[in-house]
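Structural features, examined
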Amino acid sequence: MNQEIRDIFDRIAPVYDELNNWLSLGQHRIWKEMTVKWSAAKPGDTCLDLCCGSGDLAFRLAKYVGTTGKVYGVDFSPNLLAAAKERSQSQYPQPTISWIEADALNLPFDDHYFDAATMGYGLRNVTDIPRSLQELHRVLKPGAKAAILDFHRPRNPQLRAFQQWYLSNIVVPIANRMGLKEEYAYISPSLDRFPTGQEQIELARQVGFTLVTHYPIANDMMGVLVVSK
């Protein structure tokens, strides 16, 4: 995993949630709820939240699986994991979430281990997207689903222009005021490299997922890739 990206997320950790709020026009909670629903997590399941950040999706998964289930929150940033652990102690004290520092390209789990998985804003930041999807496929049980939420490049040129304007004129200045301009300036170039929804579908099929759908949300500026093994 790219050390430079890990360092960025370690520095972002203290204001990660606040910036996500700005990045998403306050909508990220709704999208995260949709993502967990699409993962089909249910009571008693063992679930994975990959690139868990400060824990939003992992907390939601924990509510779905209940006290009989288990959630593993995995991230490569020790600072974000520390923030997640701290939040879980105050917000969700039941011992259903394990926080694990690991690389999305080399997960420390057996084959066919998880009943469901989520990933929020992580696929765009891994150094090898096919390898990351392959690892996800490996650790899911047959028939299990994963839902992957991330930014998306809108096909509509006006919406694409708005997205770039918003990132440059709203998000980067806010990040700048928090002393994190460089850390958030990377989002626009990372989007230029990020596969479109259709390309994500192809990549997921190539690693062996059988049912694959990409749902554009927020005027195509975000998307959720839903895959079944």
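Residues numbered from 1 in each chain as written. Predicted model: local features only at pLDDT ≥ 70, side-chain atom pairs only at ≥ 80, totals over all residues. Heavy atoms only, no water.

You'll find the protein chain entered in an unreviewed UniProt entry as 2-phytyl-1,4-naphtoquinone methyltransferase, with Nodularia spumigena UHCC 0060 given as the organism. Here the protein chain is described in UniProt, under the heading Function (unreviewed entry), as follows: "Methyltransferase required for the conversion of 2-phytyl-1,4-beta-naphthoquinol to phylloquinol." (UniProt positions renumbered as here; feature names shortened; annotations may be inferred.)

Glancing now at the nonpolar core. Core analysis: the largest hydrophobic core is formed by 32 residues, its most contacted members being Leu48, Leu50, Phe109, Leu136, Leu140 and Phe209. Elements with a minimum of two residues in this core: β1 (46-50), β2 (70-75), β4 (114-120), α6 (129-139), β5 (140-151), α10 (197-206) and β7 (222-228). In this view, leucine 50 contacts Val74, Ala104, Leu107, Thr118, Met119, Gly120 and Leu136; residues no more than four positions away in its chain are not counted. In terms of nonpolar packing, the next biggest core, distinct from the first, is built from 16 residues, Ala41, Leu57, Val71 and Ala116 among them. (Core = buried A, V, L, I, M, F, W, Y, C linked by side-chain atoms within 4.5 Å. Buried < 20%, exposed > 50% of the residue type's maximum accessible area, 1.4 Å probe, protein only. Helix = DSSP H or I, 4+ residues; strand = E, 2+ residues; numbered from the N terminus. Contact = heavy atoms within 4.5 Å.)

A full pass over the atoms with the stated rule returns eleven aromatic pairs. A ring pair is formed by tyrosine 72 and tyrosine 113, whose centres lie 6.0 Å apart and whose planes are at 65°; its orientation type is edge-to-face. Of this pair, tyrosine 72 sits in strand β2 while tyrosine 113 sits in the loop between β3 (97-101) and β4; the two residues are 41 residues apart in sequence, bridging distant segments of the chain. Take tyrosine 113: its relative accessible area is 32%, and that puts it in the partly exposed class. One aromatic cluster in this structure is built from Tyr72, Phe109, Tyr113 and Phe114. The aromatic ring of tyrosine 72 is capped on one face by lysine 70, whose charged end is 5.4 Å from the ring centroid. (Phe/Tyr/Trp six-rings, centres within 6.5 Å; stacked < 30°, edge-to-face > 60°. Lys NZ or Arg CZ within 6 Å of the ring centre and 35° of its normal.)

Turning to its location among the elements, tryptophan 38 is positioned in helix α3 (residues 28-38). Judged by relative accessible area, tryptophan 38 falls into the partly exposed class, the value being 25%. Here the alpha-carbon distance between tryptophan 38 and isoleucine 148, two residues 110 residues apart in the chain, equals 9.2 Å. Ignoring any residue separated from it by four or fewer positions in sequence, one finds tryptophan 38 in contact with Lys145, Ala147, Tyr215, Val224 and Val226.

Turning our attention to the pattern of salt bridges. Opposite charge on two side chains allows them to pair when their charged atoms are near. Tallied over the full model, the rule gives ten salt bridges. One salt bridge in this structure joins arginine 87 and aspartate 56, with 2.8 Å as the shortest N-O distance. Taken together, the residues span a long stretch of sequence, with arginine 87 in helix α5 (residues 78-91) and aspartate 56 in helix α4 (residues 56-65) at a distance of 31 residues. Aspartate 56 carries the same exposure label as arginine 87, and that label is buried. A salt bridge links aspartate 150 to arginine 124, with the shortest nitrogen-to-oxygen separation between them at 2.3 Å. (Salt bridge = Lys/Arg side-chain N within 4 Å of Asp/Glu carboxyl O.)

Take arginine 60: it is sitting in helix α4. Side-chain polar atoms of arginine 60 contact the side chain of glutamate 33, separated by 3.2 Å. Sequence-distant contacts of arginine 60, defined by excluding residues within four places in its chain, comprise Arg29, Lys32, Glu33 and Val36. (Polar contact = N/O pair within 3.5 Å; in protein donor to acceptor, adjacent residues only side chain to side chain.)

Another point: α10. Among all positions in α10, only Gly197, Gln200, Ile201, Leu203 and Ala204 are buried. End-on, the buried residues of α10 take up no more than an arc of 165°, which puts them together on one face. Looking at the packing, one finds that the buried side of α10 touches α6, β6 (211-217) and β7. (Arc of directions from axis to C-beta.)

This brings us to the pairing of β5. By the bridge criterion, six bridges tie β4 to β5 in an arrangement that is parallel. Counterpart to alanine 116 in the pairing with β5 is lysine 145. Pairing analysis gives seven bridges linking β5 to β7, with the strands arranged antiparallel. Bridging from a neighbouring strand, alanine 147 pairs with valine 226 of β7. (Pairing = 2+ DSSP bridges.)

A separate point is unusual backbone geometry. Although it is not a glycine, cysteine 51 sits at a positive phi angle of roughly 55°. Note that cysteine 51 resides in the loop between β1 and α4. Positive phi outside glycine occurs at tyrosine 121, with the angle close to 60°. When you line up the elements, tyrosine 121 lands in the loop between β4 and α6. Note on tyrosine 121: relative accessible area 10%, which makes it buried.

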